[in-house]
Amino acid sequence: MPDQLPEIELEDSGSKGRYLLRGPDGAEAEMTFTKIGEHQIIIDHTEVPDAFRGRGAGLRLVTRAVEDARAAGKKIIPLCPFANAQFHRHPEWADVLKQ
């Protein structure tokens, strides 16, 4: 059985924030975002170190942002190429994608 990824943490610093997975060796996978007003966020960067590669860490980070945006009635602008690609692969996320 593969080892489980840690829980996703959310760091919110006002106008910016990040979703974070911390590895036992100190590695961090992160997805950063910028808030635009009260109802939109821009996903601007996703970084997954080698320690997390092939384990779905990046997808988990984007999925968490989608779930949080949906719950808060926000829209997402995926400027990050990885996040943008995930939105194209997940048409069920269209309700939170800023058109």
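Everything in this summary refers to the structure shown in the same document. (Residues numbered from 1 in each chain as written. Predicted model: local features only at pLDDT ≥ 70, side-chain atom pairs only at ≥ 80, totals over all residues. Heavy atoms only, no water.)

1. Describing the overall build of the chain
Thought 1: Along the chain, the regular secondary structure elements total two helices and five strands.
Thought 2: Moving toward the C terminus, one meets the helices and strands of the chain in the order β-β-β-β-α-β-α.
Thought 3: Here the chain has a C-alpha radius of gyration of 13 Å; the compact-globule value for 99 residues is 13 Å, and the two agree.
Thought 4: By principal-axis analysis of the C-alpha atoms, the chain measures approximately 40 × 30 × 20 Å.
Thought 5: Evaluated residue by residue, the chain yields a buried proportion of 37% over its 99 residues.
Thought 6: The contacts of the chain with a sequence gap of at least 6 include a subset with a gap of at least 24, amounting to 42%.
Thought 7: Carbon and sulfur atoms make up 54% of the accessible area of the chain, which amounts to about 5,800 Å² in all. (Helix = DSSP H or I, 4+ residues; strand = E, 2+ residues; numbered from the N terminus. Rg over C-alpha atoms; globule rule 2.2 N^0.38 Å. Buried < 20%, exposed > 50% of the residue type's maximum accessible area, 1.4 Å probe, protein only. Contact = heavy atoms within 4.5 Å. Areas by Shrake-Rupley, 256 points an atom, 1.4 Å probe, with all protein chains shown as cover.)

2. Thoughts on the packing of aromatic side chains
Thought 1: Enumeration over the complete set of coordinates arrives at two aromatic pairs.
Thought 2: Centre to centre, the rings of Tyr19 and Phe33 are 5.5 Å apart; their planes meet at 40 degrees, and the pair counts as tilted. Placement of the pair is Tyr19 in strand β2 (residues 16-22) and Phe33 in strand β3 (residues 28-36), with a sequence separation of 14 residues.
Thought 3: Taking the relative accessible area as the measure of exposure, Tyr19 reaches 4% and is therefore buried.
Thought 4: Where Phe87 meets Trp93, the ring centres are 5.3 Å apart and the plane angle is 75 degrees; that geometry is what we call edge-to-face. (Phe/Tyr/Trp six-rings, centres within 6.5 Å; stacked < 30°, edge-to-face > 60°.)

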